[in-house]
Structures are given as structure tokens and as C-alpha cells.
Amino acid sequence: RGNVLLRKRQYEMADSEKESIDIARHVVASKIANARNLLQRHIRNHGKESDCTRIENTVTVLARKIKLVENASSMDALRGIEGESAAEYFGCFDHLITSQKEDFIFHGRSKRPPLDNVNALLSFTYMLLVNDVRSALETTGLDPQVGFLHRLRPGRPSLALDIMEELRSYIAERVVLNLINLKQISAKDFERRETGEIRISDKGRKEVIIAYQKRKDETIDHPFLGEKTTIGLLPHIQAMLLARRIRGDLEQYPPFYVR
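Throughout this description, residue numbers start from 1 for each chain and increase along the sequence as written. With pLDDT at 70 or above as the cut-off, local features in this predicted model cover only qualifying residues; side-chain atom pairs require 80 or more to be listed or tallied, and sums for whole chains, interfaces and linings still use all residues. As a rule here, side-chain values cover all heavy atoms of the structure and leave hydrogens and water aside.

Caption draft 1: Broad picture of the pattern of salt bridges. What makes a salt bridge here is a side-chain nitrogen of Lys or Arg within 4 Å of a carboxyl oxygen of Asp or Glu, nothing more. Under the definition given, this model contains 18 salt bridges. Salt-bridge contacts for D132 lead to K216; the nearest nitrogen and oxygen are separated by 3.1 Å. Residue D132 is found in helix 5 (residues 117–140), and its partner K216 is found in helix 7 (residues 202–217); the two are separated by 84 residues along the sequence. Burial classes: relative accessible area under 20% of the type maximum marks a residue as buried, over 50% as exposed, and values in between as partly exposed (1.4 Å probe, protein chains only). Residue class for K216 comes out buried when judged on its relative accessible area of 15%. Taken together, the shared-partner salt bridges in this structure form one network comprising K8, R9, E12 and E19. A run of DSSP states H or I qualifies as a helix once it reaches four residues; a run of E qualifies as a strand once it reaches two. Both are numbered from the N-terminal end.

Caption draft 2: Examining the packing of aromatic side chains more closely. Ring geometry is summarised as follows: Phe, Tyr and Trp rings, the Trp one being its six-membered ring, pair when their centres sit within 6.5 Å, and such pairs are stacked at plane angles under 30 degrees, edge-to-face over 60 and tilted between the two. If you walk through the whole model with that rule in mind, you get seven aromatic pairs. For the ring pair Y89 and F93, a centre distance of 5.9 Å and an interplane angle of 70 degrees mean the geometry is edge-to-face. Pair check on accessibility: Y89 and F93 agree, each one buried. On the numbers, 5.1 Å between centres and 50 degrees between planes, the contact of Y170 with F256 is tilted.

Caption draft 3: Representation of helix 5 within the structure. With 24 residues, helix 5 should reach 34 Å at 1.5 Å per residue; the first-to-last C-alpha distance of 35 Å fits that figure. At the N-terminal end of helix 5, a side-chain oxygen is found 3.1 Å from the backbone nitrogen of V118, two or three residues along, and the residue is D116. Here a helix's expected span is defined as the number of its residues, less one, multiplied by 1.5 Å. The term polar contact refers here to a pair of N or O atoms within 3.5 Å; inside protein, the definition further demands a hydrogen-donor-capable atom paired with an acceptor-capable atom, and it admits residues adjacent in sequence only when both atoms are side-chain atoms.

Caption draft 4: View of the packing of helix 2 (residues 17–46) against helix 3 (residues 53–70). Look at helix 2 against helix 3: their axes get within 9 Å of each other, and the N-to-C directions meet at 165 degrees. For the element pair helix 2 / helix 3, the angle class is roughly antiparallel. In terms of crossing hand, the pair formed by helix 2 and helix 3 is left-handed. Between helix 2 and helix 3, the residues in contact are R25, V28, A29, I32, A33, R36, L39, Q40, H42 and I43 and I55, E56, T58, V59, L62, A63, K65, I66, V69 and E70, respectively. Every axis corresponds to a line fitted to the C-alpha atoms, with the helix fit spanning only the stretch in contact, and the corresponding angles, defined between N-to-C directions, vary from 0 to 180 degrees. Just so you know how the angles are binned, under 35 degrees is roughly parallel, over 145 roughly antiparallel, 65 to 115 roughly perpendicular, and the rest oblique. Left-handed describes a crossing whose near helix is turned anticlockwise from the far helix through less than a right angle; right-handed describes the clockwise counterpart. Here, residues are in contact when the closest pair of their heavy atoms is within 4.5 Å.

Caption draft 5: Unusual backbone geometry, seen in detail. With omega at 5 degrees, the peptide bond leading from R112 into P113 counts as cis. Positive phi is not limited to glycine here, since Q100 has a value of about 55 degrees. Take Q100: its relative accessible area is 18%, and that puts it in the buried class. Here the phi dihedral of K183 falls at roughly 60 degrees; this positive angle occurs in a residue that is not glycine. When you line up the elements, K183 lands in the loop between helix 6 (158–181) and strand 1 (190–192).

Quick look at the structure:
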């Protein structure tokens, strides 16, 4: 469903590296900036009570990565910067966990399958977020399977993954950290399979969904529109703005930046 002309133009842009990188560059810059903002927020809240040197160093590195994004001349170069930035960010993610440290140890991302409690939480929360983004794109008339940053792959919602990059740290990772640090979830809410995979229990998933919904209900001022909105509407707003960029109503795609 949706405007077939909008999707036709989306496919044309996805086939053009020049036009793809024009949109993907904004997506990657906002992802890094929002991750950096989350780290800075932790320093402001906990800098007086704990050593934040590792986090401060990562904040500096990510600032340099944002500048590199502006000059990326190819999709491969841009994806390389994005991957390096993610590695730097997740390299200090464990330092953002301030309670239940013995039960929530994080040494890096493990996706399929998640091999620890933190990764299980991240993967489940990302799934909730990407489903929201996919629904928003479909409602707007865009094809969630055809993106600009993520490569096309059967069954992969590439465009939904693109837009999710902007919102990961602001929505999903904030939910995960709050669940752990505020002790809203515990080690009892996880189980290890024979394969080594960590699964969240039914009770644990319920707690995650409740926390995720509460986060979506919070109100913010959208940095581009200058209007109040709920966090839950961010996927729909970004999908709408992307559709306007694809139609040519906007000269540049305005990604979501945390102020």
C-alpha cells in the first residue's frame, strides 16, 4: 500500500550510490552523535562518583568519527566508519552499567545468538524498535526492505534498520540501562540454552515491554519540527521526513539528533 511513485523514487535512489550516501551520511552521523550524547549524559550523572576516563576517551573518539562521516566518499567508507564507531561505543558500554555488575557483564555485542544477559536485552529491545520503525515506514508508503545504508538482503528490513540507527541509543539502549541499573530486571529473568544462547523469560520480556512502552509515552520537543511529540511517534516522524526528502520536498534528510 501507499504511493507507488514514492516507492519508485525510493528504489531509484537506492540504486544510486551518490543519492544513497547523501541520506546514509546523515543517518550515520546522527547515530554516532546520539550514542555520544548518551555517554556524555552518563558522565554528567555519575562523573563525581566514579572514574569516567574510559567513557570520556570514547566521547572524544566519536567526535572525530562524526567529522570523518562528513567526508566519506563511498558507502564502503561510510560503513567502515559506522562499524568502527559502534565498536568504540560498545567497548565502553559495560561502564554504563552501575548496578548488578556480576549478573550483567558486557564484553561486546553478540547477536545471533546473544551470549549474555545484556545482549539478550539489547537484541529483544532492538526487535521491538525495528518493528515500530517498519510499521511507520509502511504507513508512510515507503518500502521497509529497501534501504540506503544497510545492504539489500532477502528478509532484511534494510530501510527500517537504517532509521533505527538514529533511535537505538535514545530509545532502546536507554531502556536496557534503566532496566538493569534501576533493578527492574534481574538474573532470575534469564535462562541459558544448551547452545549457549541466553533467553529472556516470559516475565522478563513483560518487564522489558512495559519499560519500552513507558519510554515511548515520554514527551519531547522534536529538534527539527520544533513541536512537542511523544518518543513513540519518532519512527513515524522520521519516516515522514524521509518520504518528504525522497519526494524532493526537502533538500536534505533531517535525522533525529538529541539536543
